[in-house]
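Working through the structure, step by step
Okay, here's what each chain looks like letter by letter:
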Amino acid sequence: MIKLFSVKEKQKKDAAAINNPKQSAGELRMQKDMSELNLAKGTTISFPDGKDKLLHFEIFLKPEDGIYKAGTFHFDFQVPTSYPHEPPKIKCKTKVFHPNIDLDGNICLNILREDWKPVLSINSIIYGLQFLFLDPNPEDPLNKEAAEMLANNKAKFESQVQAAIQRGAYIGSNHFPPCR
Amino acid sequence: MDVPGRWKDLDHLLTRPGNVVGPGFEPDPALRAFLHDDCRVLCVGAGGLGCELLKDLALSGFGQIDVIDMDTIDVSNLNRQFLFRLKDVGKPKAEVAAAAINQRVAGVHVTPHFCRIEEKPLEFYQQFQIIILGLDSLEARRYMNQVACSFLAFEEDGSPDLSTIKPMIDGGTEGFKGHARVILPGFTPCFECTLWLFPPQTKFPLCTLAETPRSPAHCIEYAHLIQWGQERPGHDFDADVEEHMRWVYDEALKRAAKFGIAGVSYQLTQGMDNYMMYVGTDGIYTHTVKYEKDAACLICSSGVPLHAPASSTLQQVIDQLQRDPRFEGKLQSPSVSCGPQNLYMHGIFEEETRQNLQKDMKMLIGGSHAILQVNDKKLLAPLRCRLTLSDHSDLDAEMAE
């Protein structure tokens, strides 16, 4: 099949690398994801390290409806070179009173951890995040205080969240800056 | 200075035909001199596997060995990484391992490289005839696989150019398990072709960890994933640092006590089960998988040949792709990239790449040959195209066939 030990004479042959190994399989797949990305109205994307560094980007999500309407929520995406074998690591950079997002910005969304599959894409994650703001889920809380208020007094929850978004507000002992 | 009979066993292998050698192997007494004087082999990693590999390579007649490793020696390495001694703790693994082999095996020269594999240019890897891996992470293996595959060139008909094949041997151990395989880019499956062999790690929902832990593993994950970041911000968790592991263990234990969960142990924190069953009478339990090249592999496949006139613009190449019967129905609105450069992209980069459509393709790719990645909503994975820009009529004739 291959005369391994006759490689010696052939070494001189010019072997310019035509594949760029500095580009990981994760980056190749991100090119596909980016070419298929459809952002909902009001949602924007930016690349802090430049548009040729697709593995790090930020999404600014603006729910058009629901409890979180009019807020702008900033997410930081770190895509591993092993993407889509591994999901991106996402943090919510906006401090938000939400049953499924804790005060450190950790997000409890199934497709980001236990239910991640390589067929999912950046598009599916953004849909997932949008869904989380339209339909916060008090059943499996990451922020227990928020979950309890939403379950027991939805009207109070909604007005507190809107107050925080519009003007900034204290909810319990935590201050939430405005994020219009 | 060779002891008489030193190479007796090696000569048995190199000078005689056998049933287990590959079809291209030609026995030759000159092979020993080739291995010793000319063949350069790179050992990636100087840890548990790397120490064994370096010793084996040196004693098997390889004389020109390089070793690359970014790590320094930890006291916990000494039980198995036998090239290191207590006085070496804190020193670079590559340097100490090279010195140990150089001192003990006459005639062998090991050159150490104390750095990350990503720091070396491609030319560094190009000088070796064989690359052998003793790595401990998926990321590093994938990187080295891409390096080895990047040297692969193809003939016009898409078959691999034999002289550009960089053989790579991958090995790995974990607990009682291990694997070894030879990767000949273009011939055998590459690492990326069979990535699915590695199962994803078990992950728990964050909310379960935070609010309703039910198992000892939930408590350990919470301490590691959430508490560490909150209570020790700015410190990277390192599973090799005992103090870090102890901290996670202690915090997990407190959490387990709070929720009345039994079973958190230091061993579990280290991720080890405590029992392995080996039944030797009926053979060992094993399974088989289909191990074959992925024809569409993004790293090692030859790509679909595509010939276009030398003066084509990007738009003309895209039009040609869409007319091509081989991709019928699969290319609705193709996006095209060349390496990290996005030539024309739908989606968020459409506006800024649109101007490229009228540009000369040769200028965009900087030559007449390139591998293009074509993406389309209708394609499950990016399509690799081997583009040649030329006006030769014989190529056109080949296309027409």
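Each chain has its residues counted from 1, following the order in which its sequence is written. Chains carry letters and ligands carry numbers; both start at the beginning, A for chains and 1 for ligands, and go up in the order they are written. Selection of residues for local features in this predicted model requires a pLDDT of at least 70, selection of side-chain atom pairs for listing and counting requires 80 or more, and totals for whole chains, interfaces and linings are taken over all residues. Note: side-chain values were computed over all heavy atoms of the structure, leaving out hydrogens and water.

- Named according to an unreviewed UniProt entry, chain B is NEDD8-activating enzyme E1 catalytic subunit originating from Apatococcus lobatus.
- UniProt positions are given in the numbering used here, feature names are shortened, and annotations may be inferred rather than shown by experiment. Taken verbatim from the UniProt record of chain B, the Catalytic activity (unreviewed entry) comment is "ATP + [NEDD8 protein] + [E1 NEDD8-activating enzyme]-L-cysteine = AMP + diphosphate + [E1 NEDD8-activating enzyme]-S-[NEDD8 protein]-yl-L-cysteine."

- The name an unreviewed UniProt entry gives chain A is UBC core domain-containing protein, with Apatococcus lobatus as the organism.
- Turning to chain A, the UniProt record has this under Sequence similarities (unreviewed entry): "Belongs to the ubiquitin-conjugating enzyme family."

**Regarding the UniProt feature "active site" (unreviewed entry) in chain A**
- With numbering aligned to this structure, UniProt lists the feature "active site" (unreviewed entry) at Cys108 of chain A.
- Summarising the element assignment, Cys108 of chain A is placed in the loop between strand E4 (89-92) and helix H3 (122-134).
- The buried label goes to any residue with under 20% of its type's maximum accessible area, the exposed label to any with over 50%, and the partly exposed label to all in between, with areas taken from a 1.4 Å probe on protein chains only. Taking relative accessible area as the criterion, Cys108 of chain A reaches 11% and is therefore assigned buried.
- When checking whether two residues touch, look at their non-hydrogen atoms; a contact exists if any pair is within 4.5 Å. For Cys108 of chain A, the contacting residues outside a window of four places in its chain are Asn100, Leu132 and Leu142 of chain A together with Leu206 and Cys207 of chain B. Working definition: helices are DSSP H or I runs of at least four residues, strands are E runs of at least two. Numbering for both runs from the N terminus.

**Some details on the packing of aromatic side chains**
- Pairing of aromatic rings covers Phe, Tyr and the six-membered ring of Trp, with a centre-to-centre limit of 6.5 Å; geometry is then stacked below 30 degrees between planes, edge-to-face above 60, and tilted otherwise. For the structure shown, the criterion picks out 15 aromatic pairs over all chains.
- Arranged with centres 5.9 Å apart and planes meeting at 80°, the rings of Tyr68 of chain A and Phe73 of chain A form a pair that is edge-to-face.
- A residue is classified by how much of its surface remains accessible, and Phe73 of chain A, at 1% relative accessible area, is buried.
- Aromatic side chains Trp228 of chain B and Trp247 of chain B sit 5.2 Å apart centroid to centroid with 90° between the ring planes, which places their arrangement in the edge-to-face category. Residue Trp228 of chain B is found in helix H8 (residues 216-231), and its partner Trp247 of chain B is found in helix H9 (residues 242-259); the two are separated by 19 residues along the sequence.

**Re the interface of chain B and chain A**
- Taken together, the contact pairs 69 residues of chain B with 48 residues of chain A.
- The working definition used for a salt bridge is a side-chain nitrogen of Lys or Arg within 4 Å of a carboxyl oxygen of Asp or Glu. Linking chain B to chain A there are four salt bridges.
- Polar contacts, as counted here, are pairs of nitrogen or oxygen atoms within 3.5 Å of one another; within protein the pair requires one atom able to donate a hydrogen and one able to accept it, and residues that are adjacent in sequence qualify only if both atoms are side-chain atoms. Linking chain B to chain A there are 13 residue pairs in polar contact (both at pLDDT 80 or more).
- When contributions to the side of chain B that touches chain A are tallied by element, the ones reaching two or more residues are helix H2 (30-38), helix H5 (122-126), helix H6 (138-150), helix H7 (206-211), H8, strand E8 (335-338), strand E9 (341-344) and strand E10 (369-375) of chain B.
- By residue number, the principal contributor to the side of chain B that touches chain A is H6 of chain B, which donates eight residues.
- By the convention adopted, Pro, Cys, Tyr, Trp, Phe, Met, Ile, Leu, Val and Ala count as nonpolar, Lys, Arg, Asp and Glu as charged, and the other residues, Gly among them, as polar. Residue composition of the side of chain B that touches chain A, grouped by class: 36 nonpolar, 17 polar and 16 charged.

**Quick look at the side chain of Arg384 of chain B**
Residues and elements named next belong to chain B.
- Looking at where Arg384 falls in the secondary structure, it is placed in strand E11 (residues 383-389).
- Two residue types count as positive, namely Lys and Arg, and two as negative, namely Asp and Glu; His and chain ends fall outside the count. Notably, Arg384 is buried but unbridged: the nearest opposite-charge side chain belongs to Asp294, and the N-O separation is 9.7 Å.
- Polar contacts involving the side chain of Arg384 include one to the main-chain carbonyl oxygen of Leu298, which spans 2.5 Å.

**What about a nonpolar patch on the surface?**
- A surface patch of nonpolar side chains, about 370 Å² in accessible area, is lined by Trp196, Leu197, Val289 and Tyr291 of chain B.
- Topologically, Leu197 of chain B is positioned in the loop between strand E6 (177-183) and H7. Each patch is built from residues that are more than 30% exposed by relative accessible area and take part in no salt bridge. Like charges join if they lie within 9 Å; nonpolar side chains (Val, Leu, Ile, Met, Phe, Trp, Tyr) join within 5 Å. In short, Shrake-Rupley with a 1.4 Å probe defines the accessible areas, and a residue's cover is counted only from the protein chains shown.

**Describing the UniProt feature "domain: E2 binding" (unreviewed entry) in chain B**
- Residues given the UniProt feature "domain: E2 binding" (unreviewed entry) here are residues 306-390 of chain B.
- Its end C-alpha atoms 11 Å apart, residues 306-390 of chain B is made of 22% helix and 29% strand.

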